[in-house]
Amino acid sequence: MPRLIAGRLAQMAATLLVVSALVWLVMGLMPGDPADLAMMADPALTAADIERLRAAHGLDRPLHERYLAWLSAVLRGEFGFSRLYAVPAARVLWPALGSTLVLLGASLALAAGLGTVLGVLAAARPRWAPAVDALAVVAQSVPGFWLGILLVILFAVTLGWLPAGGSADTPGLVEALRFLVLPVATLAIVNLAAYARHGMAATRAVLREPYIQTARMKGLSERAVVWRHAFPNAAVPVLTVAALDAGALVSGALIAETIFARPGMGKLIYDAVMGNDYNLALLALLLASAVTMLATLAADLGQRLIDPRLRD
Amino acid sequence: MRLWLGLALLLPLAAGAVAAPWIQAALGHDPFTPDLFGRHGPPSADHPLGTDELGRDILLRVLFGARVSLLVGLSVAVAATGLGAAVGLFAAWRGGWPDAALMRVADGMLALPALPLLVVLAAVDTGRLGLPRGEAASDIARLVVILTLFGWVGVARLARAAALTELARDYVAAARVSGAGEARVLLRHVAPNVAGPVLVAAALSVAGAILAESALSFLGLGIQPPAPSWGNMLANAQELVFSAPLAAVWPGLAILVAVAGCTLLADGLRQRVP
């Protein structure tokens, strides 16, 4: 196990390094470097001022030199500044990470819980299977941003029950939860299908096992057979799907945060890219990637922990 | 069953996309010219789905958007499937360190969150690469390239797994013994036998590409207005949820139908191929 963890962590570090280098290269092709932006903001700047600005920002040095300087600073824990928010980048990154983890955690719990229960129900009661199947196809195919808009139209515009977006400006748990409902619902629904499908397949397989027959022969009620004996074994795929879908979940968070104007990593990446704040965009992208890979690793380890057959 | 259901969803959409210019001629108006006196029109004989915030016909814009979305989806599927199948076959056949290196790259890419990366890649200014910018055709080409960069991975893994199984079979040994060259073994004997799973992966990658294209266009990084695409129509509709909520229904429904159609098609194919 420790070998496995060390290997995976090394692979994570290598992936992050490659991504940072490639994105740094690509950023050279993006519109608006700091000197261009300063020139746009202040028409009085002369060519000599721009030369001095470029030298001050190190923009006159070649791309790879700037990358190595940036990398060594980041490895020393100096994340530099955010152009868009005019504060040290770390001051924007950590609160955004916290907000996104809340959104991801709540959506994951809802998607995995609801999806698995639906899958088990469909396997145990064949009458329900077509409905769950249809729901899974729709949930898998619906674009998250459209679902979000529809939920806003229904619950914020028509019924007026929930806020259409933003974040709570008055403190208090209830207020914060009200702002969380629609983003979590959107993200959970688009991620629920895989859990339902895997839950259904796993329960069908488990229900054919001899120990289920034994439980039935003991005279247990069908309810006890399904929920006490079959369900725990059919729940293992939850972690498989969680490991496979961590990237999709983080991608969905970008959409949900953008539609609902909810501060978080996804919206930060989007705003930073749109606002030419490339240092912040790169850092946020690397942080989001690290979170995704750590979640995948945690799910893989969890799977080995509860399923002895996976250990070698 | 699923196969037919998928085709039943996709064919009308594809037919509508192909027939869009004739439908435009039949209705007798142009979905690209604003008509500011006819904004937010209700459904009528002239405008079967009503008009949008600039008085343009929603039905025609959805159909012209279908041309873009289906074109991007199919192009990405063809490019990603071709690239992925080639990489998968090569990795399975070559083995050793090239196989290990390619699969580590694939693992790394699958572990990353795709949409944040696509957002960063889509922000590249194609003008700096000497390409035309701001035209619908160049937007489509740019999207196909960046979506293919991510799309080949899933296909490659599937193709590799299938090819590994096939390469271990007796008919491959028999072909080699009877003097067939390696290229002939791979292309004439192994490739046809991995075509099934690769076809399923291709159908799924159409669905993924349509979703990703519409998400990027929705975020303003894909197809740029005034060219209609389902994603950028929804971006306009989102700003109007309070004044014209119904404008958000049709483009989203089109995405749902297209993606569900491809997913069902892939499921149906999977049940049929061995």
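No experiment lies behind these values; they were computed from the predicted model shown.

Each helix and strand in chain B was counted, giving nine helices and zero strands. Starting at the N terminus and ending at the C terminus, chain B contains elements arranged as α-α-α-α-α-α-α-α-α. In chain B, buried positions account for 53% of the 274 residues. About 12,100 Å² of surface is accessible on chain B, with carbon and sulfur atoms providing 70% of the total.

It is worth spelling out the interface of chain B and chain A at this point. Across the boundary between the two partners, chain B contributes 41 residues, which contact 41 residues of chain A. Interface area for chain B against chain A, summed over the two sides, is near 3,600 Å², with a carbon-plus-sulfur share of 77%. Across the contact surface, chain B and chain A share two salt bridges. Between Arg197(A) and Asp267(B) there is a salt bridge, with its nearest N and O atoms 2.8 Å apart. At the boundary of chain B and chain A, one finds seven residue pairs in polar contact (both at pLDDT 80 or more). Residue assignment for the side of chain B that touches chain A shows that the elements contributing at least two residues are helix 3 (96-111), helix 4 (114-122), helix 7 (182-218), helix 8 (230-239) and helix 9 (249-272) of chain B. Among the elements that make up the side of chain B that touches chain A, the one with the highest residue count is helix 9 of chain B (ten residues). Taken together, the residues that form the side of chain B that touches chain A break down as 30 nonpolar, five polar and six charged.

The subject of this paragraph is the UniProt feature "transmembrane region" (unreviewed entry) in chain B. All names here are of chain B. In the numbering used here, UniProt assigns the feature "transmembrane region" (unreviewed entry) to residues 70-93, 105-124, 140-159, 194-220 and 240-266. Here residues 140-159 is 100% helix and 0% strand, with 27 Å between the C-alpha atoms at its ends. Helix and strand shares over residues 240-266 are 67% and 0% respectively, and the end C-alpha atoms of the span are 35 Å apart.

There is a patch of nonpolar side chains on the surface, built from Met1(A), Leu305(A) and Ile306(A) and spanning about 310 Å² of accessible area. Relative to the helices and strands, Ile306(A) is located in helix 13 (residues 278-306).

Let us look at the domain arrangement of chain A. Residues and elements named next belong to chain A. We note that the domain assignment places domain 1 (2-89) and domain 2 (93-307) within chain A. Placing the centre of domain 1 and that of domain 2 at their C-alpha centroids yields a distance of 34 Å. Listed per partner, the contact involves 26 residues of domain 1 and 24 residues of domain 2. The junction of domain 1 with domain 2 conceals about 2,200 Å² of combined surface from both sides, 72% of it contributed by carbon and sulfur atoms. Along the contact surface separating domain 1 from domain 2 lie one salt bridge. Applying the counting criterion to the domain 1 and domain 2 interface returns two residue pairs in polar contact (both at pLDDT 80 or more). For the side of domain 1 that touches domain 2, the elements supplying multiple residues, two or more each, are helix 1 (2-27), helix 4 (63-75) and strand 1 (81-82). Here the side of domain 1 that touches domain 2 takes twelve residues from helix 1, the largest share from any one element. Tallied by class, the residues present in the side of domain 1 that touches domain 2 amount to 19 nonpolar, five polar and two charged.

Another point: the pattern of salt bridges. For the structure shown, the criterion picks out 13 salt bridges over all chains. A salt bridge links Arg8(A) to Asp300(A); the nearest nitrogen and oxygen atoms lie 2.9 Å apart. Of this pair, Arg8(A) sits in helix 1 while Asp300(A) sits in helix 13, and the two are 292 residues apart along the sequence. You can call Arg8(A) partly exposed: its relative accessible area is 23%. The class for Asp300(A) is buried, based on a relative accessible area of 16%. Two residues, Asp133(A) and Arg2(B), come together in a salt bridge whose shortest N-O distance is 2.5 Å. Taken together, the residues span two chains, with Asp133(A) in helix 6 (residues 129-141) and Arg2(B) in helix 1 (residues 2-27). We classify Arg2(B) as buried; its relative accessible area is 15%.

Time to look at helix 3 of chain B. For helix 3 of chain B, built from 16 residues, the straight-helix expectation of 22 Å at 1.5 Å per residue is met to within 8% by its first-to-last C-alpha distance of 23 Å. Buried within helix 3 of chain B are the following residues: Pro98(B), Asp99(B), Met103(B), Ala106(B), Gly108(B) and Ala111(B). Where helix 3 of chain B is buried, its residues contact helix 1 and helix 13 of chain A together with helix 2 (58-94) and helix 5 (136-167) of chain B.

Moving on to helix 8 (residues 173-207) of chain A. Between its terminal C-alpha atoms helix 8 of chain A stretches only 42 Å, short of the 51 Å expected from 35 residues at 1.5 Å a residue. Along helix 8 of chain A, the helix axis deviates most sharply at Asn191(A), where the bend reaches about 40 degrees.

So, how was this worked out
- Residues numbered from 1 in each chain as written.
- Chains lettered and ligands numbered in written order.
- Predicted model: local features only at pLDDT ≥ 70, side-chain atom pairs only at ≥ 80, totals over all residues.
- Heavy atoms only, no water.
- Helix = DSSP H or I, 4+ residues; strand = E, 2+ residues; numbered from the N terminus.
- Buried < 20%, exposed > 50% of the residue type's maximum accessible area, 1.4 Å probe, protein only.
- Areas by Shrake-Rupley, 256 points an atom, 1.4 Å probe, with all protein chains shown as cover.
- Contact = heavy atoms within 4.5 Å.
- Buried area = accessible area lost by both parts, 1.4 Å probe.
- Salt bridge = Lys/Arg side-chain N within 4 Å of Asp/Glu carboxyl O.
- Polar contact = N/O pair within 3.5 Å; in protein donor to acceptor, adjacent residues only side chain to side chain.
- Nonpolar A, V, L, I, M, F, W, Y, C, P; charged D, E, K, R; others polar.
- UniProt positions renumbered as here; feature names shortened; annotations may be inferred.
- Patch = residues over 30% accessible without salt bridge, like charges linked within 9 Å, V, L, I, M, F, W, Y side chains within 5 Å.
- Domains from an automatic or database assignment.
- Expected span 1.5 Å × (residues − 1).
- Bend = angle between axes of the 7 residues up to and from the residue.

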